[in-house]
Amino acid sequence: MNGLETLPAWAAIIVIGMLVLGGAIVLIGALGLMRLPTFYQRIHGPAITVTLGAGAILIASMVYFTAAQSRLVVHELLITLFIMMTAPVVSMLIMRAAVYRDLRGHKGGFVGEGDVYRQAPDTPEDAAAEK
Amino acid sequence: MKRLLPFPYLSTALLLCWLLLNQSLEAAQVLLGLLLAIAIPLLTHSLLPLPRSHVRRPWLLFRLLALSMVEIVRSCFNVSRIILFRRAEGIHSQFIRVPLDLRDPYGLALLSCLINCTPGTVWAEILPGTHDLALHIFDLQDEQWWIDTIKTQYERPLIDIFEG
Amino acid sequence: MLTDLLSLAMGFATLCIVLAMLCCLVRLLVGPSAQDRVLALDTLWMCAMLLILMLGMRFGSLIYFEAALLIALTGFVSTVALAKFLMRGEVIE
């Protein structure tokens, strides 16, 4: 009915592998987004969804249509290219927005772990509020 | 030729995108694509914010991209293993500070894209007034190892490509 | 045999993506801060694009590709706009 039966074996095996891998990775990324405790950890969850998960499913789609239609169908490359160009921009913008808002929120405080964004308190009242 | 095609790589990419989008190699589509590939760079030329930079060693750039692809897949599995099997309290997420020697804005843009594409690391910003990069690491074990990796694996080739 | 496995794999991938969308939805509703919600919305959008690709494979139709491309485009633009709004829109005086 939809070309599943006519697919050659090599293509079917690649598609199965890529689909299982992609589905599992997408789910793991979203699980990370749901269960990690702080925002700065959560931002790393979707990164694997976007790169490997989306990549595997796009490859599966390319192989599937190429084999099913017996001609080269690679226009999914456009989506891959687009995602590869936009995903870093999106994660950097969200990260900067978060750091900016947190710096504004805790006056003279710190953001995340580590001492990169740990500033000296501006006034004694701020230092007292920190404690 | 130089005046008609100021950005040959960009023109090629545009033509390829057009053909992929239309999924055909007919003469009409190729002609229309060629027209777009010549017209778009000429029309958007004045929007270029910085003077253009030249890629000095395309082969090195290709190798860097291939290596980062391998690195992306590898760290995908690392991050998914941590998400699945590590208790949340055992993950040491931290900001670290990486001093950068790279100054070329195009090189920095490419570096930020590569770092952000790799799961487990997110580029926050270049700290104002310095050339230090604030980098967030998902699971930090050894700070010096991360700094060395970024400097040798990504920054060194980029300096050779854009400033060498 | 392989055909059965293939449709099973398609079902598995679709199920995983739907579950992932549910996780994103939980984070979108719970998410304590605004940046959490933007991140969840972005991931939700990406999963929606993958779901449409899966539907395209399942029905064996190439039409779905255009929809997926458009969703990827609008998702990027809206997330950038939201992130910009978080940075500039709310000025704490």
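The structure displayed is predicted, hence computed values, not measured ones. (Residues numbered from 1 in each chain as written. Chains lettered and ligands numbered in written order. Predicted model: local features only at pLDDT ≥ 70, side-chain atom pairs only at ≥ 80, totals over all residues.)

Enquirer: I would appreciate a short explanation of the overall build of chain C in the present structure.
Expert: Broken down by element type, chain C carries 3 helices and 0 strands. When the helices and strands of chain C are read in sequence order from the N terminus, they spell out α-α-α. Scaling as 2.2 N^0.38, a compact globule of 93 residues should have a C-alpha radius of gyration of about 12 Å, whereas chain C reaches 17 Å, well beyond that. The C-alpha extent of chain C, read off along each of the three principal axes, is 65 × 25 × 15 Å. Taken across its 93 residues, chain C has 41% of its residues classed as buried. (Helix = DSSP H or I, 4+ residues; strand = E, 2+ residues; numbered from the N terminus. Rg over C-alpha atoms; globule rule 2.2 N^0.38 Å. Buried ≥ 20, exposed ≤ 12 C-beta atoms within 10 Å, placed from the backbone.)

Enquirer: How do you make sense of the interface of chain A and chain B when you look at a structure like this?
Expert: Interfaces are often sized by the amount of accessible area the parts lose when they come together. Contact with chain A, which involves 32 residues of that partner, is made by 31 residues of chain B. Breaking the side of chain A that touches chain B down by element, the ones donating at least two residues are α1 (9-35), α2 (39-42), α3 (45-69) and α4 (76-105) of chain A. Broken down by element, the side of chain A that touches chain B gets its largest block of residues, 10 residues, from α4(A). Taken together, the residues that form the side of chain A that touches chain B break down as 21 nonpolar, 9 polar and 2 charged. (Contact = placed C-beta atoms within 7 Å. Nonpolar A, V, L, I, M, F, W, Y, C, P; charged D, E, K, R; others polar.)

Enquirer: Would you mind showing me how to read helix α3 (residues 64-88) of chain C here?
Expert: Think of an α-helix as turning once every 3.6 residues; residues three or four places apart then point the same way. For α3(C), built from 25 residues, the straight-helix expectation of 36 Å at 1.5 Å per residue is met to within 8% by its first-to-last C-alpha distance of 36 Å. Taken residue by residue, α3(C) has C:F65, C:A68, C:A72, C:G75, C:F76, C:T79, C:L82, C:A83 and C:L86 as its buried positions. As for α3(C), its buried residues are in contact with α4 of chain A together with α2 (34-59) of chain C. (Expected span 1.5 Å × (residues − 1).)

Enquirer: Would you take a moment to explain the packing of α4(A) against α3(C) for this structure?
Expert: A pair of packed helices is characterised by two quantities: the angle between their axes and the separation of those axes. It is at 9 Å that the axes of α4(A) and α3(C) come closest, and there the two elements cross at 15°. Relative to α3(C), the element α4(A) lies roughly parallel. Both α4(A) and α3(C) take part in a crossing whose hand is left-handed. Split into classes, the residues belonging to the contact of α4(A) with α3(C) amount to 18 nonpolar, 2 polar and 3 charged. (Axes fitted to C-alpha atoms, helices over the stretch in contact; angles between N-to-C directions. Parallel < 35°, antiparallel > 145°, perpendicular 65-115°, else oblique. Left-handed = near helix turned anticlockwise from the far one by under 90°.)

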